[in-house]
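# Structural overview for review
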Amino acid sequence: MTTASVDRIEMGDLTCWSLSFNNSKLLIAEQGAQILRYENNGEPPIIWLSEHAEMKPGNSQRGGVPVCWPWFGDLLRNPDSVQAMHQQPQQAGAHGLVRSIDWALEGVEQREECASITFSYNSLEQPLAHWPHAAELILSVRLGERLSISLVCRNLGDQPLAFSQALHSYFAVSDINQVSVEGLQDCSYIETLEDWQARSQTGALHFSGETDRIYLNPPAKLQIIDPLWQRTINLLSTGSHSAVVWNPWIDKAQRLSQFDDAAWQQMLCIEHANVLDDAVTLAPATEHELALDIWVEHTLTSHPLV
Ligand code: TA6
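First, a word on scope: everything that follows refers to the structure included in this document. (Residues numbered from 1 in each chain as written. Predicted model: local features only at pLDDT ≥ 70, side-chain atom pairs only at ≥ 80, totals over all residues. Heavy atoms only, no water.)

Here the focus is unusual backbone geometry. Residue W69 is joined to P70 through a cis peptide bond whose omega torsion reads 5°. Checked against the element boundaries, P70 lands in the loop between β5 (67-68) and α1 (80-83). Residues other than glycine seldom take positive phi values, yet N22 does so here, at roughly 50°. Turning to its location among the elements, N22 is positioned in the loop between β2 (14-21) and β3 (24-29). The phi dihedral of N217 is positive, around 50°, even though this residue is not glycine. (Helix = DSSP H or I, 4+ residues; strand = E, 2+ residues; numbered from the N terminus.)

It is worth spelling out the layout of surface pockets at this point. The gaps left among the atoms become clear once a water-sized probe is rolled over them. Of the volumes computed, that of the largest pocket is approximately 720 Å³. Looking at the largest pocket, it is lined by 35 residues, and the ones nearest its centre are G73, D74, A94, H95 and H168. Of all elements in the fold, only β17 (211-216) and β20 (242-247) reach the threshold of two or more residues within the lining of the largest pocket. For the lining of the largest pocket, the class distribution of residues is 14 nonpolar, 14 polar and seven charged. (1 Å grid on protein atoms, 1.4 Å probe; cavity = no way out; pocket = protein on both sides within 12 Å on 5 of 7 lines; lining within 4 Å. Points joined across faces, edges and corners; volume = space filled by probe spheres on them. Nonpolar A, V, L, I, M, F, W, Y, C, P; charged D, E, K, R; others polar.)

On to the sheet that holds strand β18 (residues 221-226), then. Remark on secondary structure: sheet strands pair via backbone hydrogen bonds, oriented parallel or antiparallel. On the basis of which strands lie adjacent, the open sheet formed by nine strands has the order β6-β7-β8-β9-β23-β19-β18-β13-β16 and antiparallel pairing. Each end of this open sheet is capped by a strand with a single partner; those strands are β6 (104-110) and β16 (205-206). In the sheet, strand β13 (residues 180-182) pairs with β18 via three bridges, with the strands oriented antiparallel. Note on β18: the bridge partner recorded for V181 is I224. (Pairing = 2+ DSSP bridges.)

Turning our attention to the side chain of H168. Tracing the chain through its elements places H168 in the loop between β11 (165-167) and β12 (170-172). A distance of 3.5 Å separates a polar atom in the side chain of H168 from a polar atom in the side chain of E271. Leaving out residues up to four positions away in the same chain, H168 has contacts with G64, V65, P66, C68, F72, H95, W246, C269 and E271. (Polar contact = N/O pair within 3.5 Å; in protein donor to acceptor, adjacent residues only side chain to side chain. Contact = heavy atoms within 4.5 Å.)

The next subject is the sheet that holds strand β1 (residues 5-11). Ordered in space as β1-β2-β3-β4, the four strands form an open sheet in which the pairing is antiparallel. Each edge of the open sheet carries a strand with a single partner, namely β1 and β4 (34-40). Between one strand axis and the next, the sheet turns through 20° on average, direction left out of account. As defined by bridge partners, β3 adjoins β4 across six bridges and the pair is classed as antiparallel. Its bridge partner lying in β4, A29 is registered against Q34. (Axes fitted to C-alpha atoms, helices over the stretch in contact; angles between N-to-C directions.)

Okay, here's the thing in structure tokens:
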């Protein structure tokens, strides 16, 4: 009989929690409720973490699944409703305000079929600079045969709450030149590297340079096909109407913090989000859930007989 386990551990200056179930392991930090690692024993990681990740307070770690909220990306590229929630939008940093603050541990569960952990953030208890609104986030992670992530946002105020968001997931790949993403064919996307022009995806997505695209209304299921590691990473989401696909490639990799110059070859971000016109406006006393299931299938590719 398998009994999952949850243990508290210190990683550098960060308090983290280690979940294990069968041969799967997950590491999550209290800071930002940020998943840092997800892997099956004896296999390459599923969620990628930079070898230069600095385990110290004040910055999100490069890799894992940073939570971007109450905005994604550059606040000034967000809808007016989202910008108006901030008192000094011109001064705001990228990807919101909750990636680098400690969340509260709400609960831990160890069962036969899974291990789970829940964190919360409440703006009434931990006010955010220049963002004076009443909201609560609940991030729940369940490790079983799959990894299930749920991000719930509750409007605790008496006015509508407008936000954009993303689970900014970094996935490990064998070689970005060899992988592809299935599921985005025929989707419209915004090409942020070419003046935010609207485009349409033809066929599967392959990579040959810096990629930073916002796909609109993608299907619930996307797949990262990795022939070299003979695996497919399956991604199944609900409550997400945008998907950001990002690889920094060679030049941007050299400008990124906590990032080896060559690391662009072994990572790929697929970020389940609600951004641009998909930004969320919550009525008072209502909530919204963005959820994502991640699991790996092994695909033994048949090699032609030599
Ligand atoms: O999600 C893609 C992106 O917006 C990229 O443009 C890049 O800036 C990446 O996020 C990382 O952002 P960060 O603030 O974590 O360095």
